[in-house]
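# Residue-level structural notes
What follows is the residue order along each chain.
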Amino acid sequence: MDFLHRNGVLIIQHLQKDYRAYYEFLNFMSNVGDPRNIFSIYFPLWFQLNQTVGTKMIWVAVIGDWFNLIFKWILFGHRPYWWVQETQIYPNHSSPCLEQFPTTCETGPGSPSGHAMGSSCVWYVMVTAAMSHAVSRMDKFSITLHRHACGRGL
Ligand SMILES: O=P(O)(O)OC[C@H]1O[C@@H](O)[C@H](O)[C@@H](O)[C@@H]1O
């Protein structure tokens, strides 16, 4: 497990150091995808616009959270922020410094991340809904164009 945690810490350091310029964007994406928004914003909103997407949202929240809970019970993984303080693999107090954010300040087991699982599900449902909406509009537009062209004898 130490091997996994060590590599996880390296990835976090890489993201926090080399992608600092994208902080606002990544934070925005993370906040928009926050699963807690499903119940208060996305489900009521999507259910009005499209019942299928609204229902998908609520299932994603329920099934996603359930899976996350089961995986957390099984793995019971450390969070990188406390693991770097507790592990013995960094000699002479050379443990890396990881930046924390309000969403990462959680006390329960950290692996797998509920936030990562939930946000990717939210984004998946929203992006696929937007894409199928765009495709159906394009289809309608091309049918109208085709009819128009046929009507003019082109
Ligand atoms: O398991 P993780 O990654 O700490 O994420 C859990 C948290 O993820 C957040 O997105 C949710 O809003 C919180 O309610 C939840 O506790």
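All figures in this text were calculated on a predicted structure; none of them were measured in a lab. (Residues numbered from 1 in each chain as written. Predicted model: local features only at pLDDT ≥ 70, side-chain atom pairs only at ≥ 80, totals over all residues. Heavy atoms only, no water.)

Val-32, Ile-38, Tyr-42, Trp-46, Val-53, Met-57, Val-60, Ala-61, Val-122, Val-125, Met-126 and Ala-129 together form the largest nonpolar core, which totals 12 residues. Going through the elements one at a time, α3 (36-49), α4 (51-75) and α6 (114-151) are the ones with two or more residues in this core. Among residues more than four places away in sequence, those in contact with Tyr-42 are Val-32, Gly-33, Asn-37, Phe-47, Met-57, Val-122 and Met-126. With seven residues, the next largest nonpolar core counts Trp-83, Val-84, Tyr-90 and Leu-98 among its residues. (Core = buried A, V, L, I, M, F, W, Y, C linked by side-chain atoms within 4.5 Å. Buried < 20%, exposed > 50% of the residue type's maximum accessible area, 1.4 Å probe, protein only. Helix = DSSP H or I, 4+ residues; strand = E, 2+ residues; numbered from the N terminus. Contact = heavy atoms within 4.5 Å.)

It is the contact of α3 with α4, at a shortest axis distance of 6 Å, that shows an interaxial angle of 155°. Comparing the axis directions of α3 and α4 gives the class roughly antiparallel. Contacts between α3 and α4 involve Ile-38, Phe-39, Tyr-42, Phe-43, Trp-46, Phe-47 and Leu-49 from the first element and Gln-51, Val-53, Gly-54, Thr-55, Met-57, Ile-58, Val-60 and Ala-61 from the second. Residue classes in the contact of α3 with α4 are distributed as 12 nonpolar, three polar and no charged. (Axes fitted to C-alpha atoms, helices over the stretch in contact; angles between N-to-C directions. Parallel < 35°, antiparallel > 145°, perpendicular 65-115°, else oblique. Nonpolar A, V, L, I, M, F, W, Y, C, P; charged D, E, K, R; others polar.)

To continue, consider the UniProt feature "domain: Phosphatidic acid phosphatase type 2/haloperoxidase" (unreviewed entry) in the protein chain. In the numbering used here, UniProt assigns the feature "domain: Phosphatidic acid phosphatase type 2/haloperoxidase" (unreviewed entry) to residues 56-129. Spanning residues 56-129, this segment combines 58% helix with 0% strand, and its end C-alpha atoms are found 10 Å apart. (UniProt positions renumbered as here; feature names shortened; annotations may be inferred.)

Inspection of the region around the ligand gives Asp-34, Pro-35, Arg-36, Lys-72, Arg-79, Glu-106, Ser-113, Gly-114 and His-115 as its neighbouring residues. Here an oxygen atom of the ligand and a side-chain polar atom of Arg-36 are 2.9 Å apart. Relative to its unbound accessible surface of 390 Å², the ligand loses 77% to contact with the protein. Looking at the shell around the ligand residue by residue, the class counts come to one nonpolar, three polar and five charged. (Near = heavy atom within 4 Å. Polar contact = N/O pair within 3.5 Å; in protein donor to acceptor, adjacent residues only side chain to side chain. Areas by Shrake-Rupley, 256 points an atom, 1.4 Å probe, with all protein chains shown as cover.)

Running from N to C, helix α2 (residues 23-32) and α6 cross one another at 85°; their axes reach a closest spacing of 8 Å. Overall, the two elements α2 and α6 adopt an arrangement that is roughly perpendicular. Contact with α2, carried on its side by Met-29, Ser-30 and Val-32, involves His-115, Ser-119, Val-122, Trp-123 and Met-126 of α6 and no other residues of that element. Here the contact of α2 with α6 is built from residues that sort into five nonpolar, three polar and no charged.

This part is about unusual backbone geometry. Note on backbone geometry: most residues besides glycine have negative phi, and most peptide bonds are trans. Put simply, Ser-111 and Pro-112 share a cis peptide bond, and its omega is 0°. Checked against the element boundaries, Pro-112 lands in the loop between α5 (80-86) and α6.

Throughout the structure, instances matching the rule amount to two salt bridges. A salt bridge links Arg-20 to Glu-99; the shortest N-O distance between them is 2.5 Å. Placement of Arg-20 in the loop between α1 (2-18) and α2 and of Glu-99 in the loop between α5 and α6 is noted, with a sequence separation of 79 residues between them. The partner of Arg-36 in a salt bridge is Asp-34, and the shortest N-O contact between them spans 3.7 Å. (Salt bridge = Lys/Arg side-chain N within 4 Å of Asp/Glu carboxyl O.)

Once that is clear, we can look at the side chain of Asn-68. Mapped onto the elements of the fold, Asn-68 is located in helix α4. For Asn-68, the contacting residues outside a window of four places in its chain are Pro-112, Ser-113, Gly-114 and Met-117.

Before going further, it helps to spend a moment on the environment of Trp-83. As for its placement among the helices and strands, Trp-83 is situated in helix α5. Relative accessible area serves as the criterion here: at 4%, Trp-83 is assigned to the buried category. Remark: the alpha-carbon pair of Trp-83 and Gln-48, spanning 35 residues in sequence, is separated by 44 Å. In this structure, Trp-83 is in contact with Asp-2, His-5, Arg-6, Val-9, His-78, Ile-89 and Tyr-90, ignoring residues within four places of it in sequence.

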